[in-house]
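Given next are the chains, with one letter for each unit.
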Amino acid sequence: MERMTLKHIRELEAESVFVIREVAAQFERPCLLFSGGKDSIVLTHLARKAFWPARLPFPLLHIDTGHNFRETLEYRDNLVKETGATLIVGSVQESIDKGRVTEEKGYNASRNVLQTVTLLDTIEQYKFDAAMGGARRDEEKARAKERFFSHRDEFGQWDPKNQRPELWNLFNGKKHMGEHFRVFPISNWTEMDIWQYILLEQIPMPSLYFTHRREVFYRDGVWLATAPFMMRKPGETAEVRQVRCRTIGDISCTGLTLSEANSVEDIIAETAATRVTERGSRFDDKRSEAAMEDRKKEGYF
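**What about the pairing of strand β10 (residues 255-258)?**
Pairing analysis gives two bridges linking strand β8 (residues 222-225) to β10, with the strands arranged antiparallel. Bridge pairing links W223 to L256 in β10. In the sheet, strand β9 (residues 239-245) pairs with β10 via three bridges, with the strands oriented antiparallel. Along β10, the bridge assignment pairs R244 with T257.

**Points about the packing of aromatic side chains**
How two aromatic rings sit relative to each other is given by the distance of their centres and the angle of their planes. Evaluated as defined, the whole model comprises eleven aromatic pairs. Ring geometry for W195 versus Y209: centroids 5.4 Å apart, planes at 80 degrees, classification edge-to-face. In this pair, W195 sits in helix α6 (residues 191-201) while Y209 sits in the loop between α6 and β7 (212-219), placing the two residues 14 residues apart along the sequence. Look at Y209 and you get buried, because its relative accessible area is 1%. Aromatic pair Y218 and W223: ring centres 4.8 Å apart, planes at 55 degrees, arrangement tilted. For Y218, a relative accessible area of 44% translates into the label partly exposed.

**Things to note about the sheet that holds strand β4 (residues 130-132)**
Across the sheet, six strands lie side by side as β3-β2-β1-β4-β6-β5; this open sheet has mixed pairing. Every interior strand has two partners, whereas the edge strands, β3 (87-91) and β5 (149-152), have only one. Going from strand to strand, the sheet's axes swing by 30 degrees on average, the running direction of each strand aside. Inspection of the sheet shows β5 paired to strand β6 (residues 180-183) by four bridges, in the antiparallel sense.

**Considerations on a nonpolar patch on the surface**
Together, L167, W168 and L170 give the surface a local cluster of nonpolar side chains, amounting to about 420 Å² of exposed area. Tracing the backbone shows W168 in the loop between β5 and β6. For W168, a relative accessible area of 73% translates into the label exposed.

Definitions and cut-offs
- Residues numbered from 1 in each chain as written.
- Predicted model: local features only at pLDDT ≥ 70, side-chain atom pairs only at ≥ 80, totals over all residues.
- Heavy atoms only, no water.
- Pairing = 2+ DSSP bridges.
- Helix = DSSP H or I, 4+ residues; strand = E, 2+ residues; numbered from the N terminus.
- Phe/Tyr/Trp six-rings, centres within 6.5 Å; stacked < 30°, edge-to-face > 60°.
- Buried < 20%, exposed > 50% of the residue type's maximum accessible area, 1.4 Å probe, protein only.
- Axes fitted to C-alpha atoms, helices over the stretch in contact; angles between N-to-C directions.
- Patch = residues over 30% accessible without salt bridge, like charges linked within 9 Å, V, L, I, M, F, W, Y side chains within 5 Å.
- Areas by Shrake-Rupley, 256 points an atom, 1.4 Å probe, with all protein chains shown as cover.
- Salt bridge = Lys/Arg side-chain N within 4 Å of Asp/Glu carboxyl O.

Listed below in structure tokens is the structure:
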């Protein structure tokens, strides 16, 4: 890795570690949102470095849609076992069973939107006052509006026009009872930075990120994985292709990329050459131009 690239990556690492330590210092009950995707994996790695050799001083919080990739859950469970971290799981299925949310029907049904209620309910149940997440500003235009410390009101909602200044790395975590913060320590990272850091630190990754054979079907410019709950429209046929994930979420909204990349070095080369954003493969973002911002205002991650 080139010297300037290494310096850049280490500066990003130091900034993120500083933010994570600020969270531990300013908040009483923080947690780290863990999806099993590359960004939350890197964030967890950074948090471990921030407090090494002690264990993480906060739990990992995973919102399980019930429609996750098997590989994601296996990676999550192995990580928790290896690190000794505390894991809290919020279940979308439980939210459905309790009548808190109504499951969508039809060809484009997804549980991704339903996560918002489950997340807010879990934050309320455990009285978390800060939830760290792996969102990056380069991912999507709504996320580009976020500060490091993103205030949420007593209803868990976000107002992009009412954010606090963050000058000279000074973060204001003051809040009223019932409010909380979402904190994004890797805000200034890019997709390329993430993969270069994974290579530098030799961080193990879920097999989903590397090329593998999977049964998929094509819809509206996106390859989607087949699953028992995935309804196919007339004319949509399943076929086995060589694919990988650039971003991982609920199966119903995670687009797959045709790829031969079977190593981190291959992924870095592929990322450098692509002209399609990583969120371009997320089917849920295609619902409307403001899909992400609308969900964030309601309390989505």
